[in-house]
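Residue-level structural notes
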Amino acid sequence: MNYDEKETLPISRNEFAELEIFKNIQFEKLAGFLLPCKTKEVEQGTTLISPDNPNIDLVIVLRGSLEVKLESEGGTFTSTIEQGHCAGEMSIFDSIPPSATVSAKDNSKVLLIPSDIARAMLSASHELCLNFLQIMSQCIRNNNKIVCEEQYHIRRMEEYAKVDAMTGLHNRRWLEEMYTREMARSNKGNIMLTAFMLDIDHFKNVNDTYGHLAGDQVLISVAQTLTRSLRPSDMPVRYGGEEFTVFLPGTSTKNAKIIAERIRRDMENMSISLPDGNIIQVTVSIGFAERVDNDTVASLIDRADKALYHAKQNGRNRVCQNLGDGKMQLLKTGT
């Protein structure tokens with residue numbers, strides 16, 4: 001859809017592109033949502049959000065900066081919201097009055113997005129959800145004194161966005177919805193469908209040896225490598241801890257073997273550099289199974305998980321196929 005930006009939209013295409021909150025998002029995908037939104041010039045000291053006002057807009061800083069002031073038993077804590085970032089997202093998703101006061105730190109220009117439009121935009125854009133998660137994660141790193149409260153909001157946002165904040169992959173809530181839909185489509189049309197279960201080998205040793213921050217970096221690197229090794233139509237999910245699952249629509253056993261081995265090899269060849277100079281290398285074990293008649297998401301994942309267990313019990317850094325009837329087949333690897 002084409003828009004006359006000067007007459008109908010509160011911000012231009014160039015302004016949109018410069019905002020951190022909208023990075024990696026096509027202007028056209030969200031432009032229609034912005035039509036009823038307004039921009040506002042605010043003087044230094046102007047209050048935009050306060051605990052006394054339950055009517056909250058999502059406030060995005062176009063120019064200048066905002067100051068956040070939170071009163072708690074531990075004292076008064078302040079932080080700054082820079083250009084391209086936002087305020088008010090916590091109250092929008094919790095539907096409760098704000099706990100902090102947000103005011104203009106200097107003369108600023110802001111974009112005001114009503115709460116119902118903000119929620120609609122998030123539902124329409126996976127990338128916007130991920131941007132919100134990254135911004136709130138940064139708030140946690142910069143505000144250790146209020147980390148518990150921020151982590152609570154991160155969890156609430158993850159549930160809403162169906163995205164795992166650490167890896168950027170979809171989470172279990174997304175899995176329940178989309179895998180069920182894909183399974184129904186596959187069963188109805190007798191379409192090939194394969195499921196992978198993937199586990200990082202000896203992951204506990206990474207945490208014990210290098211610390212949990214290094215473990216987090218391993219999880220992020222594995223997720224990135226997994227995404228690069230898959231096709232656009234494949235459906236990777238962080239299943240939990242160091243486990244990942246993938247649904248591969250329209251994939252035969254022959255192709256699944258090729259893809260699984262490519263993933264295993266790419267993980268084996270991956271090197272992860274830590275800030276202290278250490279280099280970590282990890283391997284993964286993979287189990288997979290092909291859909292059979294009347295499968296459910298749970299039954300297909302369970303068979304793939306049994307194949308994963310067999311791979312780990314037989315040396316790790318292996319790929320194993322569940323042939324059914326309790327039969328397993330280990331694939332030959334490049335090592």
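Residues numbered from 1 in each chain as written. Predicted model: local features only at pLDDT ≥ 70, side-chain atom pairs only at ≥ 80, totals over all residues. Heavy atoms only, no water.

Quick look at the sheet that holds strand β1 (residues 38–42)
Reading across the sheet, the 4 strands line up as β1-β8-β3-β6 and stay open at both edges, with antiparallel pairing between neighbours. Edge strands, defined here as strands with exactly one partner in the open sheet, are β1 and β6 (86–87). Relative to strand β8 (residues 108–114), β1 runs antiparallel, the two sharing 5 bridges. Counted as the bridge partner of Thr39 is Leu111 from β8. Here helix α5 (residues 115–124) sits on the sheet in contact with β3 (57–63) and β8, set at roughly 80 degrees to β8. (Pairing = 2+ DSSP bridges. Helix = DSSP H or I, 4+ residues; strand = E, 2+ residues; numbered from the N terminus. Contact = heavy atoms within 4.5 Å. Axes fitted to C-alpha atoms, helices over the stretch in contact; angles between N-to-C directions.)

Thoughts on the sheet that holds strand β11 (residues 243–249)
In spatial order, the strands read β10-β11-β9-β14-β15-β16; together these 6 strands make up an open sheet with mixed pairing. Across the chains shown, the open sheet's two edge strands, defined by having one partner strand only, are β10 (235–240) and β16 (327–330). In this sheet, adjacent strand axes meet at a mean angle of 20 degrees when their direction is disregarded. In this sheet, β16 lies alongside strand β15 (residues 319–324) in antiparallel orientation, the contact comprising 4 bridges. Looking across to β16, one finds that Gln321 is bridged to Gln329. Each of β9 (193–200), β10, β11, β14 (284–290), β15 and β16 is contacted by helix α12 (residues 297–313), which is oriented at about 140 degrees to β14, the strand it contacts most.

So, the packing of aromatic side chains
As enumerated under the stated definition, the model contains 5 aromatic pairs in all. When the centroid spacing of 5.2 Å and the interplanar angle of 85 degrees are considered together, the rings of Phe16 and Phe27 count as edge-to-face. Here Phe16, found in helix α2 (residues 13–18), pairs with Phe27, found in helix α3 (residues 27–34); they are 11 residues apart in sequence, far enough to count as distant. Phe27 matches Phe16 in its accessibility class, with the two residues each being buried. Three or more aromatic residues joined by ring pairs make a cluster, and in this case those are Phe16, Phe22 and Phe27. Directly above the aromatic system of Tyr239 lies the positively charged group of Arg172, at a separation of 4.0 Å from the ring centroid. (Phe/Tyr/Trp six-rings, centres within 6.5 Å; stacked < 30°, edge-to-face > 60°. Buried < 20%, exposed > 50% of the residue type's maximum accessible area, 1.4 Å probe, protein only. Lys NZ or Arg CZ within 6 Å of the ring centre and 35° of its normal.)

Some remarks on the confidence of the model for the protein chain
Averaged over every residue, the pLDDT of the protein chain is 87; the share at 70 or more is 87%. Taken together, the stretch residues 1–6 has pLDDT below 50 and engages in 10 contacts with residues farther than four places along the chain or on a different chain. (pLDDT = per-residue confidence, 0-100.)

Describing helix α8 (residues 172–189)
Its 18 residues place the ends of α8 25 Å apart at the C-alpha level, agreeing with the 26 Å of an ideal helix rising 1.5 Å per residue. Residues of α8 that are buried include every one of Trp174, Leu175, Tyr179, Glu182, Met183 and Ser186, and no others. You can read the cap of α8 off the contacts: a side-chain oxygen lies 3.2 Å from the backbone nitrogen of Arg173, and it is on Asn171. At the exit of α8 stands Asn190, carrying a positive phi of roughly 50 degrees. (Expected span 1.5 Å × (residues − 1). Polar contact = N/O pair within 3.5 Å; in protein donor to acceptor, adjacent residues only side chain to side chain.)

Points about the nonpolar core
Within the largest apolar cluster, 43 residues are counted, with the highest numbers of intra-cluster contacts made by Ile21, Phe22, Leu34, Ile60, Leu66, Ile113 and Leu128. Take this core: its biggest share by element is 5 residues, from β3. Once residues within four sequence positions are removed from consideration, Ile113 is found in contact with Leu34, Cys37, Asp57, Leu58, Ile60, Ala118 and Met121. By size, the runner-up hydrophobic cluster in this structure holds 31 residues, among which are Leu230, Val246, Met270 and Val284. (Core = buried A, V, L, I, M, F, W, Y, C linked by side-chain atoms within 4.5 Å.)

Considering the pairing of β15
Among the 6 residues of β15, 5 are classified as buried, and the element is accordingly described as predominantly covered. Inspection of the sheet shows β14 paired to β15 by 3 bridges, in the parallel sense. Counted as the bridge partner of Gly287 is Cys320 from β15. Hairpin connection from β15 to β16: 2 residues lie between these consecutive antiparallel strands, with Asp325 at a positive phi of about 55 degrees.

Description of α3
The complete set of buried residues in α3 reads Phe27, Leu30, Ala31 and Leu34. Taken down its axis, α3 places every buried residue within 130 degrees of arc, on the same side. (Arc of directions from axis to C-beta.)

Comments concerning the side chain of Asp164
Positionally, Asp164 belongs in the loop between α7 (147–161) and α8. Residue classification places Asp164 among the buried residues on the basis of a relative accessible area of 10%.

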